[in-house]
Structure formats: structure tokens, C-alpha cells
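Close look at the chain arrangement
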Amino acid sequence: MFKNNAFMTEKMFVYELNDKHLSDLNKNLSYFVKHMFPTIKDDDIIKCEFVKGFQKPDVVVSVGEEKKYVSVKSYKARLVHSEYLSTFIPFLQEIGMPEDDIQFLLKWHYGDDTTDGSGIDHYDYEELRYRYRHEIKKFNFDLLEKKDLIKKLIYRCLFKGSKPEKIEADYIYHGTVDMGYFCTKRQIFTHIDNRKWGFMNNPHIGPLQFRAHIRGKKFEDEEKEKERHQIYLWWANLGDDIKFISERYKM
């Protein structure tokens, strides 16, 4: 029996969809496939396989020559993106994040009052929230209404990834093969236009919160030291939000 985690959900997608007809699918997957391929016929054969390499979509579903790329999220999914600061910070500068907000984000990431992780004292999460409480409030206020910036970050984190040659996901699917919700980029962007996240008190852009992979002094181990310069982006209520978006906004 497959466990309910992201990899097993992807595996079940391939198992349940590949070389199948609509009549072979459960109600949930049949509904999803009909949305992806509105003109599908009962005798059409559905293909589904894993997307190779590190891509945002996990599986590709095809009917004939038409393909749809799907990013599959399990019920416990919160982490939507990770990236080294060496490429993430230039991206933030490119999309117009104010420089003082970028500098604060680096301080928050390293947690040692520096923007490069060279500090002596390192603070835990609760200490950081108190120590930087005024900076956090300013950071969040500065970015609250920057809808275009939020959309560009969402696009990078959920649909495309950090490199232009990567494959773009057409759908975000959250759940299992038996029960789930799905939405497109357009639906999520419409949600961004209609929503504010002023209630959140962690550093965030829209629904995405920033977390360091590892905080602490410089590591002797090369791999650990690389991870210290890696940032994580979390969507705390991803499942509930995908459900709301799928039900609220038309495709």
C-alpha cells in the first residue's frame, strides 16, 4: 500500500492514468482529465509518465499529441521552492524588490545581524521574530500591494523554477488520486489580485514565507555550508488555498 506522500502520489498518478481510458478512471481522476482535455473521447488512450530531471511539474499527461504538465502536491506539502541565494537575490533585484528589503531578507535568513552569514551570534526563530519585529512589519508592508512582484515569485516557485529552459507546469494538483483539487496559473494570479496577506507576521511575499534551510556559523563540511546559503519558500495553507482557488475562480 502506498503512503500518502508526494512521491507515492506521483507514482499512483502514473499507475492510475497510464494506458487507461476514461471509463477506467475513478470519479476524481476522470473529472481532472476532462478538465485538462475537454475534447477527450471515450476510446482515447491516456498516457502518463514522470517528468525527468529537476522540474516543477512531476508528471506529464497526454492524449494523442496534446500534453499537460502537472505539479503534484501531497496533503502535507508546504515547501514549494528552494534555491541558493546566489541566484535568488539577483532574481529579486530583477523583479524590483526594494534593496533595503533584500538586505533585511538576508539578515533574516542568516539570523546573525549580517547579510552574509559572517556574524558571531546566531539567534533562533523566536529571538529573530522579536529582534526584527519592526523590520518584519516594514518588509511585509512594503510588499503587500506589489501584485506583479508576487505573481513573478509565485510563477518561479510553483510553475517554472529558476532556469528559463525548465518545463512550465500547467496545473497544480493537491491531494491524492482519490480526492484532490487543482488549479492553473491564471486562477492563482486572479486569487493574488483579490487577496491580501496583511495578517501574516512572518517575512513573506503574498502567501509565500521565507525560511533558511540551516542557520548557524560557517560549517567545515562543504555540503552543509552550501545548505546554509539555501533559502526555502513555504506556502503554509497550500491545500486549503488550492481548494478555495479551484472552487472560487473559473479556469
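Before any of the text, the structure's been laid out above.
Please read all numbers here as calculations on a predicted model, not as lab measurements. Once a new chain begins, its residue numbering starts again from 1 and follows that chain's sequence as written. The predicted nature of this model means local features are confined to residues of pLDDT at least 70 and side-chain atom pairs, given and counted, to a pLDDT of 80 or more, with totals for whole chains, interfaces and linings taken over all residues. Derived side-chain values reflect all non-hydrogen atoms in the structure, with water molecules and hydrogen atoms excluded from consideration.

1. So, the sheet that holds strand β9 (residues 230-235)
- Spatially, the four strands line up as an open sheet ordered β4-β9-β8-β7, and their pairing is antiparallel. Because the sheet does not close on itself, it has two edges, and the strands there are β4 (79-84) and β7 (204-205).
- By the convention used here, residues are in contact when the closest approach between their heavy atoms is within 4.5 Å. Think of each axis as a best-fit line through the C-alpha atoms, taken over the contacting stretch in the case of a helix, with angles from 0 to 180 degrees between the N-to-C directions. To qualify as a helix, a DSSP run of H or I must reach at least 4 residues; to qualify as a strand, a run of E must reach at least 2; elements of each kind are numbered from the N terminus. Docked against the sheet, helix α7 (residues 147-160) engages β4, β7, β8 (208-212) and β9, running at close to 90° with respect to β4. Pairs of strands are assigned from DSSP output, requiring at least two bridges between the strands.

2. A look at the sheet that holds strand β3 (residues 66-73)
- Pairing is mixed across the open sheet formed by five strands, whose spatial order is β1-β2-β3-β5-β6. Since the sheet does not close on itself, it has two edges, and those belong to β1 (46-50) and β6 (180-183), each with one partner. Along the sheet, successive strands turn relative to each other by an average axial angle of 25°, direction set aside.
- Bridging between strand β2 (residues 59-63) and β3 involves five bridges; their strand directions are antiparallel. Each residue of the ladder has a partner; that of V63, found in β3, is E66.
- In this fold helix α2 (residues 27-36) packs onto β1, β2, β3, β5 (171-175) and β6, with an angle of close to 170° to the strand it touches most, β5.

3. Observations regarding the pattern of salt bridges
- Every case where a carboxyl oxygen of Asp or Glu lies within 4 Å of a side-chain nitrogen of Lys or Arg is listed as a salt bridge. Counted by the stated rule, this structure contains 12 salt bridges.
- A salt bridge links K68 to E66, with the nearest nitrogen and oxygen atoms 3.8 Å apart.
- Judged by relative accessible area, E66 falls into the partly exposed class, the value being 35%.
- Two residues, K151 and D193, come together in a salt bridge whose shortest N-O distance is 2.9 Å. Each residue is assigned to one of three classes by its accessible area relative to the maximum for its type, calculated with a 1.4 Å probe on protein chains only: buried under 20%, partly exposed between the two thresholds, exposed over 50%.

4. Notes on the packing of helix α3 (residues 85-94) against helix α4 (residues 99-110)
- α4 packs onto α3 with a crossing angle of 155° between their chain directions and a minimal axis gap of 10 Å. Judged by the angle between their axes, α3 and α4 are roughly antiparallel. For the pair α3 and α4, the sense of crossing is right-handed. Residues L85, F88, I89, L92 and Q93 of α3 form the contact with α4, whose participating residues are E99, I102, L105, L106, H109 and Y110.
- Under the grouping applied here, Gly and all other residues not named as nonpolar or charged are polar, the nonpolar ones being Ala, Val, Leu, Ile, Met, Phe, Trp, Tyr, Cys and Pro and the charged ones Asp, Glu, Lys and Arg. Residue composition of the contact of α3 with α4, by class: eight nonpolar, two polar and one charged. The labels follow the angle: roughly parallel below 35 degrees, roughly antiparallel above 145, roughly perpendicular from 65 to 115, and oblique for the rest. Less than a right angle of anticlockwise turn of the near helix away from the far helix marks a crossing as left-handed, whereas a clockwise turn marks it as right-handed.

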